[in-house]
Amino acid sequence: MDTQENPVSDAATPPDLEPAARRIVALLGPVDDSRLDGPTPCPDYAVRELLGHLAGLATAFRDAARKDLGASTAVSPDAALPVLDDDWREALPRRLDEMAAAWRSPGAWTGMTRAGGVKLPGEVAGAVALNELVVHGWDLARSTGQPYTAGEAELRSCEALLAPAEEDGPTGPDGAGATDATDATDATDGDSLFGVPVPVPDGTPLLDRVIALSGRRPDWRPGG
């Protein structure tokens, strides 16, 4: 039987972004208009800006996966406050589905691409895309009073991406080289939604550790 070698190393099978994307879609139903002006763990964003940011990043990382390096991949997330389109209830789920589908292509994880105006390897862009979905999914759930969980493999990927380089050593926690770690830092530094890691005690659950590494208090609540 004729077989074709997968361009992505078997030792580093890329994750599927669909579960994280679908979790966000499932959170949208209870978000009525009265919640759009509510606070989020991102100080500069109300829920409407968070949703607008999710729509923008879904488009940008979809195009990054496709190597369609146009305007959507050229702009820093800090360039302007996100604007939520009127049709977001239909458009955001579609964009998230398109993003997840684009990253199921093995070619998305190879070569170079661009996101947020930063050039970086496809495998790093994919890890950043997953991290955006997981952390901002938590943001949306916490902002709207909904439960949130994530798979261990997703959380381990986010932990490796967000962990301070000096704690990881020269090769990083997952064996990634120093160049990959630098690329990931460059790709996330422009996003003011990710801050200085928050200390948490030993034994903190993995999801809470990832959230703390992203600069959020795991116990954050609206008005708390």
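The text that follows walks through the structure, step by step, so that each part is easy to find.

### A short note on the overall build of the chain
Working step 1: When you go through the chain residue by residue, the secondary structure sums to eight helices and two strands.
Working step 2: Starting at the N terminus and ending at the C terminus, the chain contains elements arranged as α-α-α-β-β-α-α-α-α-α.
Working step 3: Every one of the 224 residues in the chain was classed for burial, and the buried ones make up 47%.
Working step 4: For the chain, contacts bridging at least 24 residues in sequence account for 72% of all contacts bridging at least 6.
Working step 5: Carbon together with sulfur atoms contributes 51% to the accessible area of the chain, which is approximately 11000 Å² in total.

### A closer look at the pattern of salt bridges
Working step 1: What the rule picks out here adds up to 14 salt bridges.
Working step 2: Arginine 89 is the partner of aspartate 33 in a salt bridge, and the nearest nitrogen-oxygen pair spans 3.9 Å. Taken together, the positions of aspartate 33 in the loop between helix 1 (18-28) and helix 2 (47-66) and arginine 89 in helix 3 (residues 88-102) put the pair 56 residues apart, joining distant regions of the chain.
Working step 3: Classification of arginine 89 as partly exposed rests on a relative accessible area of 34%.
Working step 4: Here aspartate 37 and arginine 48 are joined by a salt bridge, their closest N and O atoms 3.0 Å apart. Note that aspartate 37 is positioned in the loop between helix 1 and helix 2 and arginine 48 in helix 2, a separation of 11 residues in sequence.
Working step 5: Within the structure, one salt-bridge network assembled from shared partners comprises Glu152, Arg156, Glu159 and Arg209.

### Some thoughts on the packing of helix 2 against helix 3
Working step 1: Where helix 2 meets helix 3, the closest approach of the two axes is 8 Å, and the angle between their N-to-C directions is 30°. As the angle between them shows, helix 2 and helix 3 are arranged roughly parallel. The handedness of the crossing between helix 2 and helix 3 comes out as left-handed. Contact residues: helix 2 offers Leu51, Leu54, Ala55, Gly56, Leu57, Ala58, Thr59, Phe61, Arg62, Ala65 and Arg66, while helix 3 offers Trp88, Leu92, Arg95, Leu96, Glu98, Met99 and Ala102.
Working step 2: Of the residues belonging to the contact of helix 2 with helix 3, the class tally is 12 nonpolar, two polar and four charged.

Criteria and cut-off values
- Position numbers for residues count from 1 along each chain, tracking the sequence in the order it is written.
- Reporting of local features is limited, given that this is a predicted model, to residues whose pLDDT is at least 70; pairs of side-chain atoms are given and counted only at 80 or more, and all residues count toward the totals for whole chains, interfaces and linings.
- Only hydrogens and water are set aside when side-chain values are computed; all heavy atoms of the structure are taken into account.
- Labels follow the DSSP assignment, with helices taken as runs of H or I lasting at least four residues and strands as runs of E lasting at least two, numbered in each case from the N terminus.
- The buried label goes to any residue with under 20% of its type's maximum accessible area, the exposed label to any with over 50%, and the partly exposed label to all in between, with areas taken from a 1.4 Å probe on protein chains only.
- The contact rule is simple, with two residues in contact once any of their heavy atoms fall within 4.5 Å.
- Here the Shrake-Rupley method, with its probe set to 1.4 Å, supplies the accessible areas, and only the displayed protein chains count as covering residues.
- Basic side-chain nitrogens of Lys or Arg form a salt bridge, by our definition, when they fall within 4 Å of a carboxyl oxygen of Asp or Glu.
- Throughout, an axis means a line fitted to C-alpha atoms (over the contacting stretch in the case of helices), and angles, computed between N-to-C directions, take values from 0 to 180 degrees.
- Each angle gets one of four labels, with under 35 degrees taken as roughly parallel, over 145 as roughly antiparallel, 65 to 115 as roughly perpendicular, and the rest as oblique.
- What makes a crossing left-handed is the near helix being turned counterclockwise from the far one by less than a right angle; a clockwise turn instead makes it right-handed.
- Asp, Glu, Lys and Arg are counted as charged, while Ala, Val, Leu, Ile, Met, Phe, Trp, Tyr, Cys and Pro are counted as nonpolar; the rest, among them Gly, fall into the polar class.

Purely spatial values, then, with no claim about function.
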